[in-house]
Each structure stands twice: as structure tokens, then as C-alpha cells.
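Structural features, examined
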Amino acid sequence: MKNSKIIIKTKSKSYPIYFGEKNLKKTGRIIKENLPGVKNICIITDKNLPNKYLSKLKKSLKKYKIIVYKFYPSEKVKSFKNAYKLVESLISNNFTRSDCVISLGGGILGDLSAFVASLTKRGIKFVNIPTSLLAQVDASVGGKTGVNSIQGKNLIGTFYQPDLILTDISLLDSLPKREMICGYAEILKHSLILDKKFFLWLTKNARKIIYKKNKIILKNAIIKSCKIKSKIINLDEKEKNLRMILNFGHTFGHGFEAAKNFSRKLNHGEAVLLGMIMASKYSYLNKILPLNDFMLIKKHYLDLNLPYNINKYFKRKDVNKITKFVLKDKKNLNEKINLILLNRIGKVIKPGSFKITSHEFKKYLASNFK
């Protein structure tokens, strides 16, 4: 497979994303080319990853002084307590602003690692090596960092762009089907909000992505997703307006995740898939999304057996709990819930133009329970 590179451009920083297979063993050379001042590297990685991946990375970085921290990734890991411990460790190991934090893991560890890098001495170098499909297509791109509050997900954080992203598609070989579906949620989201042609391409190729892990098709889907997201963050890095469209399905989804206490019973991608179909249905019911487009989305879900029915995950009694967390969403203003809705496949309404009360939100949620 031929390696590829794209440049993400934001107002604060431009940085490359390298795409390919077996890129992990090239990490040392790529860091030397892009970040020549690095001497010390802290690797923050996933305990669940096969040992061979960390071994390959360490071998590639043999010319650097390395410390490694391993975590079992869960939303509970994204805490101020863990961030503080990591920052103190970097300071005690004499990390300078020229030194580097590498995240070798999924979106959870990427969020934590980037947050730590942004705080240490007001910002040290950060390299993201995403190991999940979700992180490769979405979480690693865009510069959002964060830890969770007891009040909700990602309510404490910064905007801090990485210095480079290294995407190795072979890292997905060990990913189970459930995690492939989790990542596919964000691929689908990118098509629904900005690119109908991409959506139609996915209707033909999604099975090869999720179930067969076809390397060529995977690479194309990952690059296309990154390009769509980069186009948005280039225009609105700090989520003042346009970038809010990336939250399509997430207002519902974060409420679903929090109501399940961020447990393995419902992962992020599954929650977003539920959130997107709920937002699509709401768009149709409010005569914003044409029926034909809604039926195309519904068929896509059913054909791929994607999470579709909230009855399988929640009961009517959970409506108040879900709404309580949704009300704490960062994008809400004036105690109203700000929804991103679809005009049609590939186009969303203007961010901030559709707000509903908690009573209206509860009523809609409740209507989905038989």
C-alpha cells in the first residue's frame, strides 16, 4: 500500500497526517524529520494493545529517552487526577517544551495525552498515533483535548493541535467488529453532514470497511473523513460556529453515554449512531429532512445492523436522566438544548438555529418508547 500524507491547516498550527500500513516502525524517522528538537518522549498507551505494537514503537524510538505509562482505556481514565500525575511526572523527568508526548491508543487516551501536553509548561510537543478506527477518522484530528467532570463528558479541556498524526492502518487488524462499528459512526457522520457522494459510496463499501477490513477501502474512508473534518476546523478551529456541525448526533449521544455512566454497555460510537438516527428522525418529523433522505439513512442502518432502537438500551424511566446530562452540553445557551439537524443528506441546518426546551426534548425521547 502506498503511503499518503495530507496537511491539516488551522489558524494556530499546520501539521501533517501520515497514512499507510506499517507506519509504526517509521515513527522515529518521522519525528526526527518534523520535530528535530525532541530528546525525551513520554508514551501514553493502552494496556489492551498487543505488546508487539509498543515494542515496534520503542524500537523505532531507540535514540530517544523514553518513559511509558499504560492505562486501561475507559472514560473514567480521563480525570484531573490522572492528568495531574502525568504532568508532575513529565516535570520531574525534566521534559522541556521541545520534548514530546506520544499517544498510542484510541480517542480516550488521545484526549488525555493531548490535555497533559497542553498543560505541561504551557505546551510541549504532541504526537498522536491512533490505534482505533474511531480515533483514526475523527478523535485524533482537530485539536480538542479534555478530561471528564462528574457533571458530564469533556467539560474540562483545551484546544491544542498535535504536531503530527501517524495513522497505521495495520493497527486495526486486531480491532473487534464492535470497535469497527464504533469508528464507522464518525465516518458516517462526516458523510451525512457534508458529502452525499461519500454517503452513497459508503452504501456500497461499508461492509468491506466494518466486516472485511479491506485495507484500500479503509484507507480511502479514513483519508476522506479526515479531509472533511479538516475542512471544517480550518474555517472554525475553536468551535465558535461552523465546527458545531461536527456534533451532529452527539448531543443525544453524550446524554446516552452519561446515562449509562460511560460503561461498556454502550460505547461512544454506538451512542453517536443512536444519536444520529434520533436527530435524523427529529429532522424528518419537523419537516426539515425530506422523507426520501430519512428512509435512505434508515435503510443504511438496517442493512448494516447498526444501533438503531433506543428501546434496546434504555427504558422510558431513563428519559429524565438522559435529559439532565444533555442540558449540561457545552453548546447549549440560555438553558435550551441546541440541536444540529439535517436539511438533507450532506447538508445540515445553520448551527445554533434550532433550540428546544427540556420539556420538548423529553417529549420526543419519550415518544420513542413503546
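As shown above, the structure is provided for reference.
We now turn to the structure provided with this report. (Residues numbered from 1 in each chain as written. Predicted model: local features only at pLDDT ≥ 70, side-chain atom pairs only at ≥ 80, totals over all residues. Heavy atoms only, no water.)

1. Quick word on the pattern of salt bridges
A side chain with one charge may pair with a side chain of the opposite charge, provided their charged atoms come close. Threshold: Salt bridges are defined by distance alone: a side-chain nitrogen of Lys or Arg within 4 Å of a carboxyl oxygen of Asp or Glu. Residue burial is assigned from relative accessible area. The probe radius is 1.4 Å, only protein chains are included, and a residue is buried under 20% of its type maximum, exposed over 50%, and partly exposed in between.
Tallied over the full model, the rule gives 13 salt bridges. In this structure, Glu75 and Lys78 form a salt bridge, with 3.5 Å as the shortest nitrogen-oxygen distance. Exposure remark for Lys78: the relative accessible area of 2% places this residue in the buried category. One salt-bridge network, in which partners are shared between bridges, spans Asp138, Glu186, Lys189 and Lys229.

2. Quick look at the pairing of strand β3 (residues 40-46)
For clarity, the cut-off: Think of it this way: any DSSP run of H or I at least four residues long counts as a helix, any run of E at least two long counts as a strand, and we number them from the N terminus. When DSSP finds at least two bridges between two strands, those strands are taken to pair. For the handedness criterion, the strands are oriented away from the viewer, and a crossover whose path from the first strand over the helix to the second runs clockwise is classed as right-handed.
Across the seven residues that make up β3, a large majority, seven, are buried. Neither face of β3 is exposed, since Asn40, Cys42, Ile44 and Asp46 on one face and Ile41, Ile43 and Thr45 on the opposite face are all buried. Two elements, β3 and strand β4 (residues 65-71), share seven bridges in a ladder whose sense is parallel. In the sheet register, Cys42 faces β4, and the bridge partner there is Ile67. As for the winding sense of the linkage, the β-α-β connection from β3 through helix α2 (residues 51-60) to β4 is right-handed.

3. Points about helix α8 (residues 215-235)
For clarity, the cut-off: Multiply 1.5 Å by the residue count of a helix minus one, and that product is the helix's expected span. Think of a polar contact as two N or O atoms within 3.5 Å of one another; within protein, one of them needs to be a possible hydrogen donor and the other a possible acceptor, and neighboring residues in sequence only count if both atoms come from side chains.
With 21 residues, α8 should reach 30 Å at 1.5 Å per residue; the first-to-last C-alpha distance of 31 Å fits that figure. Capping of α8 at its N-terminal end is provided by Asn214; its side-chain oxygen lies 3.1 Å from the backbone amide nitrogen of Ile216.

4. Topic: the side chain of Asp111
Using the following cut-off: Contacts: residue pairs with any heavy atoms within 4.5 Å of one another.
In this structure, Asp111 sits in helix α4 (residues 107-119). Polar side-chain contacts of Asp111 include one of 2.8 Å to the side chain of Lys78. Residues in contact with Asp111, not counting those within four places in the same chain, are Lys78, Lys144, Thr145, Gly146 and Asn154.

5. Topic: the nonpolar core
Just so we agree on the cut-off: By nonpolar core is meant a set of buried Ala, Val, Leu, Ile, Met, Phe, Trp, Tyr and Cys residues that side-chain atoms within 4.5 Å join together.
Counting residues in each nonpolar core, the largest one holds 79 residues, and the members touching the most others are Leu133, Tyr184 and Phe256. By size, the runner-up hydrophobic cluster in this structure holds 22 residues, among which are Tyr18, Leu54, Ile102 and Leu104.

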